[in-house]
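# Survey of secondary and tertiary structure
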Amino acid sequence: MSPAPSRQWSLAARPQGEPARTDVRLDEVQVPDPGPGEVRVRNTWLSVDPYMRGRMDDRPSYVPPFAIGEPMTGGAVGVVELVGDGVEGVSEGDVVLHDRGWRERAVLPAGAVRVVDADLAPAQAYLGVLGTTGLTAYVGVLDVAQMREGDVVLVSGAAGAVGSVAGQVARLKGAGAVVGTAGGEEKVRWLLAEAGFTDAADHRSAGAGELLGRLLPEGADVYFDNVGGPMLEAALPRMRDHGRVALCGAISGYNATSAPAGPRTLGVAIGKRLRLEGFIVTDHLERTEEFTREMAGWLARGELVHRETVTDGVESAFEAFLGVLSGANTGKMLVRLAPDA
Ligand code: NDP
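Now for a look at the structure at hand. (Residues numbered from 1 in each chain as written. Predicted model: local features only at pLDDT ≥ 70, side-chain atom pairs only at ≥ 80, totals over all residues. Heavy atoms only, no water.)

### Observations concerning the overall build of the chain
The test is simple: Secondary structure elements are taken from DSSP: a helix is a run of H or I of four residues or more, a strand is a run of E of two residues or more, and numbering for both begins at the N terminus. Atoms counted for the radius of gyration: C-alpha only. Globule rule: 2.2 Å times residue count to the power 0.38. Partly exposed describes any residue whose relative accessible area lies between the buried limit of under 20% and the exposed limit of over 50%, with all areas from a 1.4 Å probe on protein chains only and scaled to the type maximum. Every residue pair with non-hydrogen atoms within 4.5 Å of one another is taken to be in contact. Only the protein chains shown count as cover for residues, with accessible areas throughout obtained via the Shrake-Rupley method and a probe of 1.4 Å. All tallies of charge rest on Lys and Arg as positive and Asp and Glu as negative; His and the ends of each chain are not included. To locate a charge, the coordinates of NZ of Lys, CZ of Arg, CG of Asp or CD of Glu are taken.
Broken down by element type, the chain carries 9 helices and 15 strands. The globule rule puts the C-alpha radius of gyration for 341 residues at 20 Å, and the 21 Å found for the chain is close to it. Relative to its 341 residues, the chain shows a buried fraction of 52%. Partitioning the intrachain contacts of the chain with sequence separation of at least 6 by distance along the chain shows that 68% fall at a separation of at least 24. Surface summary for the chain: the accessible area is close to 14900 Å², and the carbon and sulfur share equals 50%. If you average the places of the 33 positive and of the 45 negative side-chain charges in the chain, the two averages end up 5 Å apart.

### A short note on helix H9 (residues 317-326)
With 8 of 10 residues buried, H9 is to be regarded as a mostly interior element. Among the residues of H9, Ala 317, Phe 318, Ala 320, Phe 321, Leu 322, Gly 323, Val 324 and Leu 325 are the ones counted as buried. On its buried side, H9 packs onto strand S1 (4-11), strand S2 (24-31), helix H1 (51-55), strand S14 (308-312) and strand S15 (332-336). Just downstream of H9, Gly 327 is the residue with a positive phi angle, here 95°.

### Considerations on unusual backbone geometry
Positive phi, close to 60°, is recorded for Trp 102, a residue that is not glycine. Turning to its location among the elements, Trp 102 is positioned in the loop between strand S5 (95-98) and strand S6 (105-109). Phi at His 242 takes a positive value of approximately 65°, unusual for a residue other than glycine. Owing to a relative accessible area of 47%, His 242 belongs among the partly exposed residues under this scheme.

### A short note on the side chain of Arg 244
Along the chain, Arg 244 falls in strand S12 (residues 239-247). If we ignore the near neighbours within four places in the chain, the residues touching Arg 244 are Ala 145, Gln 146, Met 147, Arg 148, Asp 151, Asp 221, Val 222, Tyr 223, Met 239 and Arg 275.

### A word on the nonpolar core
What counts is decided by this rule: We call a set of buried Ala, Val, Leu, Ile, Met, Phe, Trp, Tyr and Cys residues a nonpolar core when their side-chain atoms join them within 4.5 Å. Segmentation of the chain into domains, including their bounds, is taken from an automatic or database domain assignment.
If you look at the biggest cluster of nonpolar residues, it comprises 49 residues, and the most contacted ones within it are Val 141, Val 169, Leu 191 and Met 295. Within the residue set of this core, elements represented by two or more residues are S5, helix H2 (132-144), strand S8 (152-155), helix H3 (161-172), strand S9 (177-182), helix H4 (185-193), strand S11 (220-225) and helix H8 (288-300). For this core, the element with the highest residue contribution is H2, accounting for 7 residues. Domain assignment of the residues forming this core places at least three in each of domain 1 (4-127 + 307-336) and domain 2 (132-283).

Rendered as structure tokens:
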């Protein structure tokens, strides 16, 4: 065989505020044959995710920053097109999940790919509802917030990839009511008509305090927080005694150039005996097997729905990434690299 062409994105400069096109570069490269113990993968789907914005900054985090000039990484699925000497357990033609996204082709150690069951679900589902996105929702609701039957559950970012699954996991596990906030009437309609939310509202239609006052006249037991900022500040006073807040993300501040003010309402957590707990999905990978079994069942029985917002071609990945930060997506935002994928 011989080297194969690929296009790949790298970080050219650290963004100030919202990332600009000049902060990234799309380069054409030749990808070599795999060496011993390696495989070469032709990517078919790329994931773009809000946490990647944090990786563009140079500051300590649970995941290291992207290096300037180096290809960016992220979730991807693809087809193994070449296998190096000595590789076991991975064959040509296998569909694999790995972290060398933001590019068309990658050579990587065979141990760094996971073969997925493309008969169980379309390959890209492993980047979304059956992947860490779905697992985040599952462990956030069940393990972190420790939702109990009958609980009233509030989810922000409810029409996004994690939020839409979190609300449905809560419903399927016996929540008394599931209430969501999302950006725009179309997303609200989807949450009510298809995702089975009890109630939902457009977070841009009113101030957060007024919105939650309307949605939660009796308060909430669980808040699954994807957005932080003003919504978190408004949610705390709506919590019932012994309520639990799963701090999953704070996307409202990801492009901020200075630290946002803390929730001014934090003091209510004392009298209400609230528990606020941040979590990172990769600390909960031991739940993967049980999650996959349960999620596959819900999907097969049509009890849980999921949406994808798709752009085409590696050249669209940066726009897709900006879109996920600004709300262009309903459900999981994905980049399709193969027209037939
Ligand atoms: P989403 O699919 O939810 O996309 C992000 C959404 O955030 C956008 O669609 C937009 O929807 C919403 N948004 C953007 N800006 C604001 C704002 N200022 N206020 C309110 N909503 C806003 O992404 P994911 O599902 O992948 O991620 C959701 C959250 O979960 C993120 O905060 C992410 O960082 C976090 N996360 C955390 C993980 C963990 O391990 N803790 C793992 C995975 C994700 P809208 O139109 O509704 O405004």
